[in-house]
Amino acid sequence: MAKKQKYYVVWKGIQTGIFETWEECQKQINGVEGAKYKSFENKTEAQFAFKEKAEKHLYNNTKNKTKTNNTILNIGTPIMDSIATDAACSGNPGKMEYQGVSTKTKKQLFHYYHPKGTNNIGEFLGLVHGLSYLKKHNLDIPLYTDSVNAIKWVKGKKCKTKLERNQQTEDLFQYIERAEKWLKENTYTTEILKWHTDTWGEIPADFGRK
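Right, let's walk through the structure included here. All of these numbers come straight from a predicted model, not from anything done at the bench.

**Observations regarding the sheet that holds strand β8 (residues 192-194)**
Ordered by their spatial adjacency, 5 strands build an open sheet running β6-β5-β4-β7-β8, and the pairing between neighbours is mixed. Taken across any chain shown, the strands that pair with only one partner, and hence form the sheet edges, are β6 (108-117) and β8. Direction aside, neighbouring strands of the sheet carry axes that sit 20° apart on average. As defined by bridge partners, strand β5 (residues 94-102) adjoins β6 across 7 bridges and the pair is classed as antiparallel. Its bridge partner lying in β6, E97 is registered against Y113. In the packing of helix α4 (residues 119-136) onto the sheet, the strands contacted are β4 (83-91), β5, β6, β7 (143-145) and β8, and the crossing angle to β4 comes to about 155°.

As structure tokens, then:
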């Protein structure tokens, strides 16, 4: 399935306007302090948004004032000197894989595949693999994921999957156990960051199968 077209509005950047790719948008916002931009699902919506003030679209509209008090979300731009991880799964469960890439160049740094897994497992393993990779290579850079669930599992040092453990998945569960063991036996200073897909577009490690 072809990847759905998105449109990126830049209200504050090197150039302002509507851009049809994340790469074009990035050129306008990289290095711009307080850059204001956001992605939209269709061009008409983007055109209307561009005519309005950025704040109208960057506000957190939640009614729960105890959480944000309707303050402006200042997400900023992604840190390009970093690693991005993502997973893909055909079916649930199904053919699962994850990869880690350089956020800046999209060069693949590591990859794993299993014929029967879930997307959540892939996201979790991708993060742990990223942490291990960074520590092994003594790299002090952030690690991005678009999965809140994976971040929670990594912090809890436990893959809370409901996938059945059987003959087909035994080797995957052994791989998961090694990842959990690594988390329990290692310390790290890597900053795990959430990739803001709505604002930045798809994470660089995305497999492009949506």
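**A short note on the packing of aromatic side chains**
Within this structure, the stated rule accounts for 12 aromatic pairs. Ring centres 5.9 Å apart and planes at 50° place the aromatic pair Y8 and W22 in the tilted group. Residue Y8 is found in strand β1 (residues 7-12), and its partner W22 is found in helix α1 (residues 22-29); the two are separated by 14 residues along the sequence. Pair check on accessibility: Y8 and W22 agree, each one buried. Aromatic side chains Y98 and F110 sit 6.3 Å apart centroid to centroid with 65° between the ring planes, which places their arrangement in the edge-to-face category. Taken together, the positions of Y98 in strand β5 and F110 in strand β6 put the pair 12 residues apart, joining distant regions of the chain. By the ring-pair criterion, three or more aromatic residues cluster together here, those being Y98, F110, Y112, Y133 and Y175. Looking at K51, its charged tip hangs above the ring of F48, at a distance of 5.9 Å from the centre.

**Some remarks on α4**
The end-to-end C-alpha separation of α4 is 25 Å, in line with the 26 Å expected for 18 residues at 1.5 Å each. Among the residues of α4, those classed as buried are I121, G122, E123, F124, L125, G126, L127, V128, G130, L131, Y133 and L134.

**Looking at the nonpolar core**
The biggest cluster of nonpolar side chains holds 30 residues, and the ones touching the most others in it are I121, F124, L125, V154 and L172. Those elements giving two or more residues to this core turn out to be β4, β5, β6, α4, α5 (148-156) and α6 (170-185). With 8 residues, the single largest contributor to this core is α4. Setting aside residues no more than four positions away along its own chain, L125 makes contact with Y98, L172, Y175, I176 and A179. Of all hydrophobic cores here, the second largest spans 16 residues; its members include F19, A35, L193 and A205.

**What to know about unusual backbone geometry**
Between N92 and the following residue, P93, the backbone shows a cis peptide bond with an omega angle of 5°. With respect to the helices and strands, P93 occurs in the loop between β4 and β5. A positive phi angle is found at N138, which is not glycine, with a value near 55°.

Criteria and thresholds
The numbering scheme is per chain: residues are counted from 1 as the chain's sequence reads. With the structure being a predicted model, the display of local features is reserved for residues of pLDDT at least 70 and the display and counting of side-chain atom pairs for 80 or more, all residues being used for whole-chain, interface and lining totals. To get the side-chain values, take all heavy atoms of the structure and skip hydrogens and water. Whether two strands pair depends on DSSP finding at least two bridges between them. The helix and strand labels rest on DSSP assignments: H or I over at least four residues marks a helix, E over at least two residues marks a strand, and numbering proceeds from the N terminus. Axis angles are defined between N-to-C directions and span 0 to 180 degrees, where every axis is a line fitted to C-alpha atoms and, for a helix, only to the segment in contact. Residue contacts are counted whenever heavy atoms from the two residues lie within 4.5 Å of one another. Aromatic rings from Phe, Tyr and Trp, with only the six-membered ring used for Trp, were paired whenever their centres fell within 6.5 Å, and each pair was classed as stacked if the ring planes differed by under 30 degrees, edge-to-face if by over 60, and tilted otherwise. A simple rule labels every residue: compare its accessible area, found with a 1.4 Å probe on the protein chains alone, to the largest value its type can have, and call it buried under 20%, exposed over 50%, or partly exposed in between. Think of it as a cone above the ring: NZ of Lys or CZ of Arg counts as a charge over the ring if it is within 6 Å of the ring centre and within 35 degrees of the ring normal. Expected helix span is computed as 1.5 Å times (number of residues minus one). In this description, a nonpolar core means a group of buried Ala, Val, Leu, Ile, Met, Phe, Trp, Tyr and Cys residues linked to one another through side-chain atoms lying within 4.5 Å.

Shape descriptors only; they carry no functional weight alone.
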